[in-house]
Amino acid sequence: MSIDWNAYPSEGFYDELVAGNGHRAIAGLLADLEALGPEELVSRQEAADVSIKEMGITFTVYSEEGGAIDRTWPFDIIPRIIAQSEWERVDAGLRQRVQALNLFIDDLYHDQKVIKDGVFPAEVLAKSVNFRPQCIGVDPPLGIWAHICGSDLVRDADGTLYVLEDNLRVPSGVSYMLENRLVTKRVLPELFEHYAPLPVDDYPSELFDTLAALSPRPADYPAVVVLTPGIYNSAYFEHSYLAQQMGCELVEGRDLFVDKDDCVYMRTVDGLARVDVVYRRIDDLFLDPEAFLPDSALGVPGLMRAWKAGNVALANAPGAGVADDKVVYAFVPELIRYYLDADPIIPNVPTYRCMEPDALAYTLENMERMVVKPANESGGYGMLVGPASTKAEREHFAELIKKDPRNYIAQPALKLSTVPTIIGKKLEPRHVDLRPFILSADRQQVTMGGLTRVAMRKGSLVVNSSQGGGSKDTWIVPEPPQADE
Amino acid sequence: MLSRVAENIYWMARYVERAENTARIVTVNANLLLDLPKGIAPGWRPLVDITGANLLFEEHYKDYSERNVVRFLLADERNSGSIVPALVAARENCRTIRDFVPREVWELLNEIYLFAREDLPKGMTKGGRHAYLKRVIQGAQNINGLLSGTMLHDQGYDFLHLGRFLERADMTTRIIDVRSANLLPEEATELRPFETIQWVSVLKSMTAYQAYRRSEQIRVLRGPVLRFLFQNEAFPRSVVHCIEALRTSLSKLPRNESALRVAGRLKRNLEGTEPRRLNQQQLHAFIDDLQVGIGDLHEELARTWFPPPPETQSQSQTQD
């Protein structure tokens with residue numbers, strides 16, 4: 001029995017592996033999957049599921065009753081493949097983007113030239129929920145604010161890759177990218193021999209170097225810690241994973257203490273020990289009850305004081321989230337031109353800023369073809385997916401937009417590309433996106449590929465794991481084997 | 001290392017050890033009962049006595065039947081000495097310090113936890129019990145082996161030892177206490193042949209039978225068994241071995257003066273006594289003393305190295 005690629009329904013979408021009745025550039029992989037046969041593929045998938053369960057790769061979801069459940073990471077073994085030549089362009093595009101965003105954030109907390117020069121509207125900043133007045137005038141090490149950025153990429157029906165959004169607060173997922181590779185190596189070793197995907201596992205050491213470069217005491221061996229809200233956070237697996245891989249302490253707020261000298265210490269068996277760099281995985285508002293929410297028990301009183309005094313580095317810097325705003329996203333092409341005097345290498349998805357009257361009118365007229373997003377939600381919450389919406393939902397959204405146009409953007413509903421995915425006992429196309437991670441400090445580094453997320457439900461475009469999405473290993477392959485037809 | 005991490009490692013070790021010990025006493029009891037005449041067999045109650053959880057048990061169960069006791073010791077989530085809940089707790093402790101322990105340890109602990117939970121129905125049957133418990137014991141031993149073979153032998157390892165040996169010393173004294181007491185009615189001469197079986201079962205609860213044979217070279221008798229289990233320094237589950245191991249780990253930690261003092265008292269008490277000369281009542285009092293010492297040592301560890309409990313922590317922060 002073999003796999004019938006002709007029966008694979010990919011019409012109307014760009015499939016990363018299968019093109020219509022023919023084969024795309026990476027035809028060899030299809031042949032290899034065929035050679036394994038469907039039964040074997042299903043049994044490899046089962047082996048992967050067992051592996052993931054035993055390795056304890058989990059993420060935490062919150063049920064509606066308020067309880068937290070530790071769920072096994074959903075993973076599909078068929079890899080998603082990208083040619084290295086394409087990736088080099090993406091890599092350059094992402095560096096460019098994050099560089100511009102860092103210059104933008106630094107500008108917003110200093111002279112705000114971008115506003116004075118009329119490139120970015122003052123009213124957008126005025127209504128930004130992630131702008132932190134506490135950060136005005138602060139000079140973080142190397143002038144960098146977003147040290148770790150996770151940008152989401154999607155591919156449309158014509159094969160164009162777009163940036164869908166930039167995550168600059170506490171982007172997660174990189175640990176799953178690394179674990180996916182490990183599991184794929186265990187269950188599909190023969191494919192690795194043929195394709196030699198470029199390795200991903202240097203990320204933890206790159207991350208450590210990025211963090212260490214921020215240390216206020218460069219002469220010493222820097223004490224870097226990962227700050228987590230604790231085991232009930234949905235990304236706790238990742239926090240502990242990264243701390244483990246970097247050989248750093250994983251701390252909670254209660255483990256840290258800011259002394260009168262404005263330095264940060266952790267409580268250890270030997271007494272107090274100085275901390276130089278905090279990779280914080282807690283949102284701004286919970287970082288320091290002295291500066292933000294006084295009731296928060298997650299953070300560390302005085303942390304902002306220590307940061308402003310330059311005695312500790314925080315990554316990402318507080319306030320970096322100001323660029324994690326979907327309206328700011330809509331301005332990134334202009335920001336790249338303004339700060340770098342260059343054209344964007346990777347385009348944005350065409351985006352209508354509802355604050356602009358023409359864009360608002362267009363959006364309201366075309367809602368059933370658009371995806372409407374509020375400026376500051378994440379995890380796929382609070383948005384309208386036009387083609388899947390009811391008339392009542394569209395009317396409701398129209399009211400919301402008219403009430404606060406600045407808070408909304410609209411984009412044409414994209415036909416996200418697909419990758420064959422094991423569903424039951426056969427392969428079906430499922431929509432994917434891609435989240436590469438960009439590290440910035442004394443130099444920039446982009447992950448080799450990233451985390452491919454899969455919408456596991458048929459036809460669904462929602463890839464978030466909190467909404468039942470899964471994932472795949474992502475392979476950047478050096479020389480795409482030639483098409484055999 | 002972080003105080004909080006030290007505490008988590010310590011508890012992880014205690015819970016793994018606890019699961020193993022519980023599996024051991026259930027295994028041995030099941031075997032012992034097969035060897036003893038029906039009329040005088042002590043049944044299953046002594047196992048609950050060993051764990052000291054009688055009040056809790058009686059709140060929820062009508063009688064000390066095999067099924068009730070086995071359920072209580074394998075799976076009752078109200079009982080922290082029960083195998084599955086102990087593994088849940090060990091796993092949860094390990095989860096909070098996953099960055100610290102080698103990942104193979106986390107994977108193995110996770111695997112044993114999944115096994116203990118999913119195969120529980122088999123473990124609850126007479127036929128499946130032995131294989132179930134054996135795998136729990138081996139799993140715990142594998143974890144200890146992996147830790148000693150792969151984890152950094154640094155302060156974390158010292159706290160791991162503290163947890164393991166404190167729990168083990170505690171369990172050894174409990175087993176001796178219960179097993180030496182009411183197993184057979186005294187002065188029943190016709191039961192002599194079974195007395196040996198009783199002491200053999202005590203040894204076997206701790207996998208000490210072979211070690212006893214090799215080290216004592218004498219038939220199994222109350223006096224030598226007690227001496228062996230309390231005072232043989234070479235046997236890894238004897239009380240003195242555990243206390244020595246605790247002292248070794250303590251001596252490597254900073255600010256250890258008062259914890260070492262408490263451990264020293266424990267050791268002097270142990271060495272200054274000849275357990276085989278104690279009658280049943282004196283033995284019981286002696287064990288009580290040891291247990292109090294073990295409890296004091298735990299308190300001292302917590303006071304010296306573990307994070308302050310939440311309320312006092314915020315106080316001390318404002319005092320600083």
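Residues numbered from 1 in each chain as written. Chains lettered and ligands numbered in written order. Predicted model: local features only at pLDDT ≥ 70, side-chain atom pairs only at ≥ 80, totals over all residues. Heavy atoms only, no water.

**Looking at a nonpolar patch on the surface**
Residues and elements named next belong to chain A.
Point 1. A grouping of L285, F286, L293 and L298 is seen on the molecular surface, where their side chains present a nonpolar patch of about 290 Å² in accessible area.
Point 2. For L293, the location among the structural elements is in the loop between β13 (277–280) and α10 (303–308).
Point 3. The exposure class of L293 is partly exposed, given its relative accessible area of 35%. (Patch = residues over 30% accessible without salt bridge, like charges linked within 9 Å, V, L, I, M, F, W, Y side chains within 5 Å. Areas by Shrake-Rupley, 256 points an atom, 1.4 Å probe, with all protein chains shown as cover. Salt bridge = Lys/Arg side-chain N within 4 Å of Asp/Glu carboxyl O. Helix = DSSP H or I, 4+ residues; strand = E, 2+ residues; numbered from the N terminus. Buried < 20%, exposed > 50% of the residue type's maximum accessible area, 1.4 Å probe, protein only.)

**A few points about the nonpolar core**
Point 1. Of all hydrophobic cores here, the largest spans 179 residues; its most connected members are L74, F159, L229 and F230 of chain B.
Point 2. For this core, the leading source of residues is helix α1 (residues 3–35) of chain B, giving 14 residues.
Point 3. When residues no more than four places from it in sequence are discounted, the contact partners of L229 of chain B are T172, I176, V202, L203, M206, A208, F235, S238 and V239 of chain B.
Point 4. One finds A48, F208, V224 and Y236 of chain A within the second-largest nonpolar core, a separate group that totals 61 residues. (Core = buried A, V, L, I, M, F, W, Y, C linked by side-chain atoms within 4.5 Å. Contact = heavy atoms within 4.5 Å.)

**Notes on unusual backbone geometry**
Point 1. Along the chain, A315 of chain A connects to N316 of chain A via a cis peptide bond; the corresponding omega equals -10°.
Point 2. Relative to the helices and strands, N316 of chain A resides in the loop between β14 (313–315) and α11 (326–340).
Point 3. In this model, D262 of chain A sits at a positive phi of 60°, which is unusual for a non-glycine residue.
Point 4. Summarising the element assignment, D262 of chain A is placed in the loop between β10 (256–258) and β11 (264–268).
Point 5. Even without being glycine, R255 of chain B reaches a positive phi, approximately 55°.
Point 6. Within the fold, R255 of chain B resides in the loop between α13 (239–251) and α14 (257–271).

**A word on empty space enclosed by the protein**
Over the atoms rolls a probe the size of a water molecule, and in doing so it shows where empty space is left.
Point 1. In total, this model carries five cavities of 30 Å³ or more according to the counting rule given.
Point 2. Taken as a whole, the largest cavity spans an internal volume of roughly 90 Å³.
Point 3. M55, E179, F237, S240, Y241 and Q244 of chain A together with R98, R103, W106 and E107 of chain B together form the lining of the largest cavity.
Point 4. Taken together, the elements giving at least two residues each to the lining of the largest cavity come down to α9 (236–246) of chain A together with α6 (103–118) of chain B.
Point 5. With four residues, the single largest contributor to the lining of the largest cavity is α9 of chain A.
Point 6. Counted by class, the lining of the largest cavity contains four nonpolar, two polar and four charged residues.
Point 7. What lines the second largest cavity is simply E165, D166, A323, D324, D325, K326 and Y329 of chain A.
Point 8. Listed by contribution, the elements that provide at least two residues to the lining of the second largest cavity are β7 (161–167) and α11 of chain A.
Point 9. For the lining of the second largest cavity, the class distribution of residues is two nonpolar, no polar and five charged. (1 Å grid on protein atoms, 1.4 Å probe; cavity = no way out; pocket = protein on both sides within 12 Å on 5 of 7 lines; lining within 4 Å. Points joined across faces, edges and corners; volume = space filled by probe spheres on them. Nonpolar A, V, L, I, M, F, W, Y, C, P; charged D, E, K, R; others polar.)

**With respect to the interface of chain A and chain B**
Many analyses report the size of an interface as the accessible area lost when the parts associate.
Point 1. Facing 33 residues of chain A, the contacting portion of chain B comprises 31 residues.
Point 2. Inspection of the region where chain A meets chain B yields four salt bridges.
Point 3. One salt bridge in this structure joins K53 of chain A and E118 of chain B, with 2.9 Å as the shortest N-O distance.
Point 4. Listed by contribution, the elements that provide at least two residues to the side of chain A that touches chain B are α2 (38–55), α6 (174–187), α9, β9 (249–251), β10 and β11 of chain A.
Point 5. Examining the composition of the side of chain A that touches chain B, we find that six residues originate from one element, α9 of chain A, more than from any other.
Point 6. Here the side of chain A that touches chain B is built from residues that sort into 16 nonpolar, five polar and 12 charged.

**What about the sheet that holds strand β8 (residues 224–227) of chain A?**
Within a sheet, each strand pairs with its neighbour through backbone hydrogen bonds, oriented either parallel or antiparallel.
All names here are of chain A.
Point 1. Pairing within the open sheet is parallel, and its four strands lie in the order β9-β8-β13-β14. The outermost strands of the open sheet, each flanked by one partner alone, are β9 and β14. Each strand axis lies, on average, 25° off the axis of its neighbour in the sheet, ignoring direction.
Point 2. Here three bridges tie β8 to β9, and the two strands are oriented parallel to one another. Note on β9: the bridge partner recorded for V226 is L250. (Pairing = 2+ DSSP bridges. Axes fitted to C-alpha atoms, helices over the stretch in contact; angles between N-to-C directions.)

**Description of the packing of α6 of chain A against α9 of chain A**
For any two helices packed against each other, one specifies the crossing angle of their axes together with the interaxial distance.
Residues and elements named next belong to chain A.
Point 1. Where α6 contacts α9, the axes come no closer than 8 Å and their chain directions differ by 75°. What the angle tells us is that α6 and α9 run roughly perpendicular. Here α6 contributes V174, S175, Y176, L178 and E179 to the contact with α9, which in turn contributes F237, E238, Y241 and L242.
Point 2. Residues of the contact of α6 with α9, tallied by class, amount to six nonpolar, one polar and two charged. (Parallel < 35°, antiparallel > 145°, perpendicular 65-115°, else oblique.)

**Re the pattern of salt bridges**
All names here are of chain A.
Point 1. Per the counting criterion, the structure on display carries 58 salt bridges over all chains.
Point 2. A salt bridge links E190 to R44, with the nearest nitrogen and oxygen atoms 2.9 Å apart. Here E190, found in helix α7 (residues 189–195), pairs with R44, found in helix α2; they are 146 residues apart in sequence, far enough to count as distant.
Point 3. Residue E190 is classed as partly exposed on the basis of its relative accessible area, which comes to 27%.

**Digging into the sheet that holds β10 of chain A**
All names here are of chain A.
Point 1. Within the open sheet, the three strands sit side by side as β10-β11-β12. Their pairing is antiparallel. In this open sheet, the two strands that pair with only one neighbour each are β10 and β12 (271–275). Each neighbouring strand pair of the sheet contributes to a mean axis angle of 40°, computed without reference to strand direction.
Point 2. Pairing of β10 with β11, which is carried by three bridges, proceeds in the antiparallel orientation. Bridge assignment links V258 to a residue of β11, and that residue is V264.

**Here's the deal with the side chain of T173 of chain B**
Residue and element names in this part refer to chain B.
Point 1. Within the element layout of this structure, T173 appears in helix α9 (residues 155–181).
Point 2. Using a relative accessible area of 0% as the deciding quantity, one classes T173 as buried.
Point 3. Polar contacts involving the side chain of T173 include one to the main-chain carbonyl oxygen of D170, which spans 2.7 Å.
Point 4. Not counting residues up to four positions away in its chain, the partners in contact with T173 are V239, I287, L290, Q291 and I294. (Polar contact = N/O pair within 3.5 Å; in protein donor to acceptor, adjacent residues only side chain to side chain.)

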